[in-house]
Structure formats: C-alpha cells, structure tokens
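Tertiary structure, described
So the chains spell out like this:
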Amino acid sequence: MVNITEKIKEIEDEMRRTQKNKATEYHLGLLKGKLARLRAQLLEPVGGAGSGGGAGFDVSKSGDARVALVGFPSVGKSTFLSKITKTKSEAASYSFTTLTAIPGVLEYGGAEIQILDLPGIIEGASEGKGRGRQVISAAKTSDLILMILDATKRAEQRALLEAELDAVGIRLNKEPPNIYLKIKKAGGMKITFQAPPKYLDEKMLYNVLRDYKILNCEVLVRDELATIDDFIDVIMKDHRKYIRCLYVYNKIDSVSLEFLDQLAREPYTAVMSCELDLGVQEVVERIWKELRLMRLYTKRKGEVPDFSEALIVRRDSTIEDVCDQIHRTLKETFKYAMVWGASARHVPQRVGLSHTVADEDVVSIVAK
Ligand SMILES: Nc1nc2c(ncn2[C@@H]2O[C@H](COP(=O)(O)OP(=O)(O)OP(=O)(O)O)[C@@H](O)[C@H]2O)c(=O)[nH]1
Ligand SMILES: [K+]
Ligand SMILES: [Mg+2]
C-alpha cells in the first residue's frame, strides 16, 4: 500500500504540473480537496499515546492564555523565553538545542501568560520531519503563535514556516470563511451565492462535495471573494484552527538600519534583539495586545473596588463569562450586576448575564 506521505507528494506534484487556467480549475479544486483529506489523515493519532501521530508535548495549559514560540532552529526562541520569564531554557549556537516543550510564565497587566518554548522546526515538519509534527500540534493548542524569525536569514523562511502550519490546518490572522454549510440526510444539494462569486461556481463546489461524499446539503456563500480553498476549509472545519500570529524578527543587531525599517513595516510584525535587549519589552506589549485579554476589577457592595487583583477575561466576554471565571456555580445564584466603566451606558449600570464588558470595567455581582 502506498503510504499517506507518498500519496500527498503525488498530488502535490500533479498540482505543480497542472497549468492553472479555466479548463483545469475544476480538476485543481478536486486535487486540493483530496490533499486536505490526506493531510488530516496524516495528523490522526496512530496506535496508543506517545506514538507520534498528532500528539503534542505533555505540558498542561496554565494561566490566562498560551503563546507558542515557533521557528527554525537557532533563531533565539529559548533566549527570548529566558528573557521574559523566570524560566531558564538552554540556548546555544547549534541547531536543536531545545528538544522538548519548555513552559514559562509571563506576568503582564495582572495576567499570567504561559509561554511555550518549542524545538526548532524545519521544512517538511508537517509531514513528520524532526519533532515537527509534535511542535505543530503544540502550536495548535495556543491562543497566539509567536513566529520567531532570524533577521539575518533569507526572507523565504517566513513563507516556508507558514506553509508548514497551513498544511496542518492552522490559519494565521484569518477569520473563518463566510460560507454556511449544513449537511443533511436527504434533499440533494442546494448551493446559493449571496452575490456573484469571483472565484467559485456551482459546478466547482458540487464536484468537491461529491468527492467528499456529501450529497445532501445546503450551502450559502456569503463572501463573493471566497475561494475553493476557503470552501474546503469549511468542509474540514473540525481540522482547522484560526490563530493569531505575531511575526518577530530577532537578531536585528546584525542587520542594516534600512533593512530593519523595511521589516518593521510589515503587518503583524515586531523586531527585536535579545542580545542587545532592544525591542523585547515592545514585543511583550504586542503579545498582550494580540491576545485581546481584558482586565476587570471586582467590587463588593458598599466597598471600594479591589484594584490590586485583576480578573482576566477574553475580549467580548459577557457578565456570564465573568461569573464562570469567578466561580463555577455563581451563575445559579446571580441576580444582577452593577458595572462602572466603558461598557456602561450610565454609571453605574445595572445589567444582566448577557451584558458585554469592556477592558478595565469595575463589576459588582449581586447574588440572590
Ligand atoms: N546576534 C544575536 N544573536 C542572538 C540573539 N538572540 C539569540 N542569539 C544567539 O542565537 C543562538 C541561538 O539561540 P537559541 O535561543 O538557542 O535559539 P533557539 O531558537 O532556541 O534554537 P533551537 O532550540 O536550537 O531551535 C545563540 O547562540 C544565541 O546566543 C540576538 O538578538 N542577536
Ligand atoms: K540553538
Ligand atoms: Mg531553543
């Protein structure tokens, strides 16, 4: 039997050989669909625990969020971890100094953020080269990926890493496609476009759905710019993860100012030198921003708010989320909440469980 990696290679080769034009786009769409299926199979765990498969490292999540340091060997991931947390992770000039996941804790704005130093990955990681698959699985569990890049190395490194993450279903700085898909038991396929699509047509979707043996379903494409890749992502949604990514170029002590200026202007990008301690604090601030966490302060009735300890919640959290964060059963006795701050229409505002809070609000929960 041909193994999955070989099958993947065959399809990739065929895609490369196929010229892109109107006549081949249906065929290419089908190949992309098959490729996505095989890649998902490749990541399925085989055998028992620890057998490689899709399992990450055995580090439990802790704190308010998790950030994964992903990059080629010797870009300075461990040096960075040791700089911003109390954990010391060995750093050296040779590749693969780090062989497992090393967690550290970054304290910022009253939050505890878990930073995961990971072994370096290389091209082919998604297909299991080196510790690649384990590293990528760990990255998949994070709330933010910090892609550490070496400013002195060729520019392709970033695209190569992105391709590796993309191959395992990680989508960086992207929202899930605006396509509705409901699989049904009967009734055939009903495909609707909200506006004339630029890159799709009914036949293309029909072909791919048939190939996935989805014969009864309802599809509504809401985005006129959606591509066949987006559509496959929707079919494979259980294998997709949409994660924010900050690109961090380290070792800027060794590049020209001109080049540095160019790097710093790229979107989602920060630059630093761990060695000269340049820009490191700015990267920490960007981590906080990208995580989109909020600080809330609680207040007991008749007392002043407790500003010494913040309650950390995710952006767009509601009073219900706040209750869950404080105590598992608080919701059951909840009567109403009083809110002071940016989310309150007037101060204080009396609100229910569905009220959305804002950063630095003061909240007082009143129980029955
Ligand atoms: N010039 C320069 N060198 C740096 C900087 N930061 C780290 N280094 C050096 O780069 C080398 C690799 O650093 P590590 O922290 O081990 O890199 P890593 O990414 O953890 O490497 P692996 O664990 O092997 O994947 C070490 O010799 C560091 O001293 C920097 O800002 N500038
Ligand atoms: K190293
Ligand atoms: Mg390391």
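All figures in this text were calculated on a predicted structure; none of them were measured in a lab.

As a structural note, the neighbourhood of ligand 1 is formed by 24 residues, with G76, S78, A91, T98 and G120 the closest of them. Residue contributions to the shell around ligand 1 peak at three residues, all from helix α3 (residues 77-84). Taken together, the residues of the shell around ligand 1 break down into seven nonpolar, 13 polar and four charged.

One open sheet accounts for five strands, arranged β12-β11-β15-β13-β14; its pairing is mixed. Each end of this open sheet is capped by a strand with a single partner; those strands are β12 (311-314) and β14 (349-351). Within this sheet the neighbouring strands show an average axis-to-axis angle of 35°, counted without direction. As paired strands, strand β13 (residues 334-340) and strand β15 (residues 362-367) are joined by six bridges and run antiparallel to one another. Bridge pairing in β15 places A337 opposite I365.

A few words now on the sheet that holds strand β7 (residues 189-193). Strands sit in the order β6-β8-β7 across an open sheet of three strands; the sheet is mixed. Since the sheet does not close on itself, it has two edges, and those belong to β6 (179-183) and β7, each with one partner. Taken pair by pair, the neighbouring strands of this sheet meet at an average axis angle of 5°, ignoring direction. Where β6 lies against strand β8 (residues 217-221), five bridges are found, and the strand directions are antiparallel. Bridged to Y180 within β8 is L220. Where helix α6 (residues 202-211) meets the sheet, its contacts fall on β7 and β8, and the angle it forms with β7 comes to roughly 140°.

Turning to the environment of I232, a few remarks are in order. If you trace the backbone, I232 turns up in helix α7 (residues 228-235). Along the sequence, I232 and G33 sit 199 residues apart, while their C-alpha atoms lie 6.2 Å from each other. Those residues in contact with I232 that sit more than four places away from it in its chain are K32, G33, A36 and V208.

What follows is about the confidence of the model for the protein. Taken as a whole, the protein shows an average pLDDT of 92; of its residues, 96% reach a score of 70 or greater. Per-residue pLDDT stays below 50 along residues 47-54; that stretch engages in 13 contacts with residues further than four places along the chain or on separate chains. Model confidence for the complex: the whole-complex pTM is 0.87, and ipTM, which rates the interface, is 0.99.

With that settled, the discussion passes to the pairing of β8. Both β7 and β8 contribute to a ladder of five bridges, which runs parallel. By the bridge assignment for β8, T192 is matched with L220.

Formed by 66 residues in total, the largest nonpolar core has its most connected members in A68, L69, V70, L146, M147 and V248. Per-element accounting of this core gives the leading share, six residues, to strand β4 (residues 144-150). Two domains each donate at least three residues to this core, and these are domain 2 (65-174 + 240-291) and domain 3 (293-367). Those residues in contact with M147 that sit more than four places away from it in its chain are V70, G71, L161, C245, Y247 and V248. In this structure, V208, L209, V221 and I235 belong to the second largest nonpolar core, which totals 14 residues.

What counts as what
Residues numbered from 1 in each chain as written. Chains lettered and ligands numbered in written order. Predicted model: local features only at pLDDT ≥ 70, side-chain atom pairs only at ≥ 80, totals over all residues. Near = placed C-beta within 6 Å. Helix = DSSP H or I, 4+ residues; strand = E, 2+ residues; numbered from the N terminus. Nonpolar A, V, L, I, M, F, W, Y, C, P; charged D, E, K, R; others polar. Pairing = 2+ DSSP bridges. Axes fitted to C-alpha atoms, helices over the stretch in contact; angles between N-to-C directions. Contact = placed C-beta atoms within 7 Å. pLDDT = per-residue confidence, 0-100. Core = buried A, V, L, I, M, F, W, Y, C linked by C-beta atoms within 7 Å. Buried ≥ 20, exposed ≤ 12 C-beta atoms within 10 Å, placed from the backbone. Domains from an automatic or database assignment.

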